[in-house]
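Each chain, letter by letter, is given below.
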Amino acid sequence: MSPREVVVLGYGMAGARLADEIRRRDPGAERVRLTVIGDEPHHAYNRVLLSAVVAGSMRPDSVRLHDEQWARRHGIDLRLGVAALGIDRAARTVALDDGTSVGYDALVFATGSTPWLPPVEGLTGEHGELAEGAVTFRSLGDCERILDAARVGAPVAVLGGGLLGLEAARGLAGRGNLVTVVHPAEHVLERQLDAGAGRVLARALGEFGIDFRLGRTAAKYLPGDGLKLDDGSHVDADLVVVSAGVRAETALASAAGIAVDRGIVVDDALRTSDGRVHAIGDCAQHPGTVSGLVQPAWEQAGVLADLLTGSDPSARYRGTSVVTRLKARGIDLAALGETHVETGDPDAEVLCVDDPARGRYAKLVLRDDRVTGAIVLGLPDAAATITQLHDRGSPAPGDRLGLLLGRALPSAAPAAASPADLPAATTVCRCNSVTKGQLVDAWRAGAASAEQLTTATRAGTGCGGCADTVRGIADWLASTA
Amino acid sequence: MTLTAESTTPSDTRTQTDTHCPYCALQCGMTVSGTAEVAPRAFPTNAGGLCQKGWTSAALLGSPARLTTPLVRVDGELRPASWDNALDLVASRLARLRAEHGADSVAVFGGGGLTNEKSYLLGKFARVALGTSQIDYNGRFCMSSAAAAGTKAFGLDRGLPFPLTDLADADAVVLVGANPAETMPPFGQHLRGAAAAGGLVVVDPRRTPTAEQANLHLAPAPGTDLALALGILHAVVADGLLDQSYLDQRTSGFDAVWRIVAGYWPEHVERITGVAAADQRRVAALLAGARNAYVLTARGAEQHATGVATVSAWINLALALGLPGRAGSGYGCLTGQGNGQGGREHGQKADQLPGYRAITDPVAREHVARVWGVPADTLPGPGRSAYELLDALGTDDGPKALLVFGSNVAVSAPDSRRVAERLSSLDLLVTADLVLSETSALADVVLPVTQWAEEDGTMTNLEGRILLRRKAVRAPEGVRTDLDVLSGLAARLGQPDGRFPADAETVFTELRAASAGGPADYSGVSYARLRDGEALHWPVPDEAHPGTPRLFLDRFAHADGRARFQPVEHKGPAEPPDADYPLLATTGRVLQHYQSGAQTRAIAELADSVPEAYVEVHPDTAARSGLADGDLARVTSRRGATTARVHCVASMRTDVVFLPFHFPGDQRANLLTNPALDPTSRMPEFKVCAVRMTTEDGAA
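Residues numbered from 1 in each chain as written. Chains lettered and ligands numbered in written order. Predicted model: local features only at pLDDT ≥ 70, side-chain atom pairs only at ≥ 80, totals over all residues. Heavy atoms only, no water.

- As annotated in an unreviewed UniProt entry, chain A carries the name NAD(P)/FAD-dependent oxidoreductase and is attributed to Prauserella cavernicola.
- Under the heading Pathway (unreviewed entry), UniProt records this for chain A: "Nitrogen metabolism; nitrate reduction (assimilation)."
- Quoted verbatim from the Sequence similarities (unreviewed entry) heading of the UniProt record, the comment on chain A is "Belongs to the nitrite and sulfite reductase 4Fe-4S domain family." (UniProt positions renumbered as here; feature names shortened; annotations may be inferred.)

## A word on the overall build of chain A
For step 1, the next point in the chain: Each helix and strand counted, chain A has 13 helices and 27 strands in total.
For step 2, the next point in the chain: The C-alpha atoms of chain A give a radius of gyration of 30 Å, which is well past the 23 Å a tight globule of 481 residues would have.
For step 3, the next point in the chain: With the principal axes as the frame, chain A shows a C-alpha extent of 100 × 70 × 50 Å.
For step 4, the next point in the chain: Among the 481 residues that make up chain A, the fraction classed as buried is 51%.
For step 5, the next point in the chain: Restricting to contacts in chain A with at least 6 residues of sequence separation, those with at least 24 account for 59%.
For step 6, the next point in the chain: Counting every atom, chain A has about 20600 Å² of accessible surface; 49% of that belongs to carbon and sulfur.
For step 7, the next point in the chain: Positive and negative side-chain charges in chain A, numbering 49 and 60 respectively, have mean positions lying 4 Å apart. (Helix = DSSP H or I, 4+ residues; strand = E, 2+ residues; numbered from the N terminus. Rg over C-alpha atoms; globule rule 2.2 N^0.38 Å. Buried < 20%, exposed > 50% of the residue type's maximum accessible area, 1.4 Å probe, protein only. Contact = heavy atoms within 4.5 Å. Areas by Shrake-Rupley, 256 points an atom, 1.4 Å probe, with all protein chains shown as cover. Lys, Arg positive; Asp, Glu negative; His and termini not counted. Charge placed at Lys NZ, Arg CZ, Asp CG, Glu CD.)

## Examining the domain arrangement of chain A
For step 1, the next point in the chain: Domain annotation of chain A identifies domain 1 (4-112 + 247-308), domain 2 (134-244), domain 3 (330-408) and domain 4 (419-480).
For step 2, the next point in the chain: Relative placement of domain 3 of chain A and domain 4 of chain A: their C-alpha centres are 43 Å apart. (Domains from an automatic or database assignment.)

## Digging into the interface of chain A and chain B
For step 1, the next point in the chain: At the interface, 50 residues of chain A touch 53 residues of chain B.
For step 2, the next point in the chain: Interface area, chain A with chain B, both sides summed: about 3800 Å², of which 47% is carbon and sulfur.
For step 3, the next point in the chain: Run the count over chain A and chain B and you get eight salt bridges.
For step 4, the next point in the chain: Of the charged contacts, one joins Arg 407 of chain A and Asp 279 of chain B as a salt bridge, the two residues approaching to 2.8 Å between their closest N and O atoms.
For step 5, the next point in the chain: Counting across the chain A and chain B interface gives 28 residue pairs in polar contact (both at pLDDT 80 or more). (Buried area = accessible area lost by both parts, 1.4 Å probe. Salt bridge = Lys/Arg side-chain N within 4 Å of Asp/Glu carboxyl O. Polar contact = N/O pair within 3.5 Å; in protein donor to acceptor, adjacent residues only side chain to side chain.)

Below, the structure is given as C-alpha cells:
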C-alpha cells in the first residue's frame, strides 16, 4: 500500500505543528508522504516568542521550531523560499513559483494571515508597500527591522492597542524607547477587556513610560517625523510599528474556487468546501474559535493529523476556548470567555474588583456555578486557577473572593499572637504528634522547662522546627504558674 | 517513653547498640538498648532527631502481633508447623513445580527495606538455586523512574550524588513531589538554610506540611509536573539565565530539548498545570540567582506512567542551570524505602546483577557467575517487572509459585483487587514476614523472620552511604533471619554447602566481590570500617579508598564524561478525568505510617494517631457529593472502590482527592490506582487516576 501524498501550504506555526503531529503518528512515512511549502527562506519559528525577541530577552535563533536537519530526519519534502501560485483541483496539483508543481491526495492550507494596513495617508506606497520607517509586527524579519530602527531613546509609535501592539510597545519601552500607542477604540484590548480593565491596563503600562492616544486614528504619516492624528495632534516617531490587526490569507483558496468568508471556511473535520482540501490556523474560519492565536491552530493540527494518518477517523475539532494572555514583562493579564457582562446583569453572577492604584483588576462571570468569563489583571495565581476551572468546566469554589484574589487575599488563619491563644488540640510538634494540650499536661505532671517538656513528650526531637514554639509555651506556662 | 534506657535493667541488657531506624531511607541514627529502648543518636542525616515512627519502632519487637512459628495452610487454615516441616514443604513443592513447568514457574518478590545482604542473596537464590528469571521487588513502585532518569542523564544512578548535609548551604531548594515533613521528618533540618534565604520551593498538588514551610508552593494539577518543568526551563532561556559555558563544557543534547521547550512558554504551561506563569518565572530566577541550588525529586514526580520523562524534565532544568556535578549544588532523588538505594543495586531487580550491573551485559554475567561459582550461561536473562510479574501470577504462561520477602503486595501494589485475585490463583504462595500482613494472610506458608534490631546487616541510605545496622536485642524464640531461610531452602534444593551462607558478614564479603568493578562498587567496604564509623559513600573500589561522597565533580559517568539532556514532552495522566470519573485521585503517605502499614498499624501509639483511611478533599467538592467532614465516603475508580473518612481541607484543589495508602482491606487506596506502566522504568501510575466520590451507600 503506497502512502498518500499530503501537501501543506505554509510553514508557520500551524503548518510546522501539523507536520510534527503527522510524523508523531506516522514516524516511518508509511501512511503519509509529506510535502511542506514555505515562502519564508528559513525554518519555522515560534511566532509567540517574537515579542520576547523585540524585548531583547531572546535571540532570533532561539525561536526556531526546527533545526536544519528536521525535514531530512523525518522524511519530509520541505521546500523553503517557494510560494504556491495556483491550485488545479481537478488535477490535484499545486503550481509553485520555482516552475515546478506538486501533486496531492490531500491539500492543507496553513497559509496564516497577513497584517492589515490601516488607511493612513503616506503609510503605504504605490504598490501597497510600507513607507520608510514603518514596519509591521508579524515575522522574524519584522523583528529584525524593528530592532534595527528602534535606537535606544528614539520615539516609536505603535498603531494598534491589541495584543501584539501592546506586547511590542512593552518590549520597546523596556529597551529604552519612548513609545506612544495610537488606538481607535476608547480603551485598549477592547475585544477582550471591559472598559474598567482597559483603563487599569493602560495605567499599568503607563508606569513603564508608554503613552496612549485612545479613541484616535492616524491621519497622516510623515516619514522621519511622526504621525498626525485625526484630531490634528502630532506624535513624534522615528519608527511606526503597524499592528492594527490581521487578515486571513485566503487569496489562493479563493482563486481556486474554495468557499471563503473572513477565512477559508472549514467544518469540524477541518475540510473546506472541497473535501480533499483542508485548512488550519489563522487562514481557516471555524465557528468555534477566533483566529490569531496559536492554541486553536495547534489543536486543529492534532485533529487533522489524526484524520490524515487514519489514526483516529472519528477525531473532530469542536472549537477552542481561548484564553488571552498578554506577554509583557511586569504585566500579568488573563482574559477568557464573556468579559463584557456587567455586574448588574440579572442572568449571571458577576464579581468585580477595581484597584487601579495597584494595577489590579479582577472580574469573574459565573453561570450555574461555572466560570464563563474572567478578567484577571495583576493577580497571577488567581488567573491560573480560574483558567483551569474554566477549561475543565468544574464548579467554582464557594469562596468567590478567595478565587478572585488568590494569594492577594490574606491567609485565613493568622498566627496566634501568644501560646495562650493556641487551642489545646493544636499540633505543636508534627514529627511526634504532640499537641499543645499534651505539653500543658506534661508541665502539670512536673516538667519545668522546655528541655523537660521535650524529654517528656518528644516535642522538638524530629526536625526541630517547633523548638521555638515549645520554648514559648514553656515560658508562658512558667509565667502563669 | 524516656530518652535513655532505664538504669535498672541488668548490665548485659544495658548495652546501647548504635544502629539505624527500621523505616525510611534517611536511616536516622539511633541507639537500641538490650531491653529495646530506642534513643536518637547524632548522625549526619538526622542530627539527633527522630520522628514518631522512629521513637516507637521498638514496640514491634516484642509485639503480640509478631509471628513466632511457621504457619502452613491445612484445610484452608494457617496452622503452626515446625521449621523443618515448613521448609521441606516449600522446597519440595518448588522443586516439583520447577520439574513440571520449568524454572520460570517459580517467582520471587523482594523489597526495598531488605538489607544489602538479603537483597543480594535473594537475587542469587532466584538465579542460582531456582534458576528463575522471575524476580523483582517493590522498589519498582518507589524510585525506579528516578533511577532510570538518573542513569540516562548522568550514566549512573545514586539517589543523592552528594551528602545530605550539603543542602544546609543552599539558598534555593526545589522539592518536586516530595513531602519529607511527613515521610522523613528529621530531613527538615537540612532545608532551613534555603527557607531562611527565601528559596524553598515545593511542587505538590496538595498543600502538605512540607508545602506549608515553603517560601513558594506551586500546586500543579496531578500528572502535569513534566509540563511545569518545561515551563520553568522555558523561562530560564527566555530570561537569559542559561548557564551556557556549563552547557558547552559538560552536557550534550540541549538543542533538541529546546526545540520542544520553545513550545512550552509559561503562559501555555499555566493552562496545562494551573501554576501561574509568574511563579514559573520566579522559580527560574530563584534557582539561577542562588549561590547554591538544588532540584530534588521524589515519588510525586516518579510514580507516573511518564515518570522517567517527568524526572528527566526536572534534570534538564537542573542541567540548564549548571547545577549537577558542581560542589554545593545539584540534582538528587529522595529515595523512599529504608534500603531503597542498596536494594536497587544488588540483584533483586529483574534486569540487574550485583554492583548495579545489567543482567544482559555479557561481561557482568561472566564476572558475577565466577563469584557465584556457576557457568555464566546458566544465569537466566531479565524477567518481568514488579507489576507485570504480579499480573502474570497463575496465568497460563505466568509463575505458579511466589516467594515474598519484605513486601506486602496485597496492599502496596496498584489495582490491588487484581493483585489479590492473582495471588489467590497461585499453586503456592510463601511469605517471610514479621507479622501476619495482608499478603501473608493469603499465603500457603508463612515463615516468621527477624527484624532490624534482631540481626546484623548493611543498608545504603538516600545519599549512597553504606551503614551498618547491628543486632541489639535477642530475637523471639522461633524466628529466623531471612538469610537463614534462604540458606535452608537452598540446601533443600540441592545447593552445595557454603553457597548460601546465613551469616550477614559472610554474605557481605561475597557481595563485595560480586560488586567489584560495577557502578555501585562496594569492594572496599568492610564491616570493620563501618564499625569504626567511616562515612563510606559508594563507589569504594578498595579498602584504602575513602569513598565518594560527591559524584560527577569532574565528569559524568557516560563514556564522553558529559551529562545528556533528554528530549521529553508532556503527555498528561494516563487516565484523564471525564463525566463518569470527574475527580483526580492521588495517593501518598502520612507521618505515622510506613508503606503498607504492616509494621506501623501494629504499633498502638501510631495506630491511635491515625487509625483509619481517609480522603482529603476540598469542602466544596465534598458538599457536592453530599458529604461533610467526618462522613464515610465511597471513592470509586474503573478498577475498584474504597471507603474512607472525609477530611475537608480548604487548601485542596477542588478537582483532586488524596488518599493515604497504608490501610488494609476495603480501605486500600490501591483498589483505585491505575497500573498503567512507564515504558522504561515499569513504574505504575500511583499518583493519578480518575475517580468519583459518593456517600457510603453510593448516592452521589
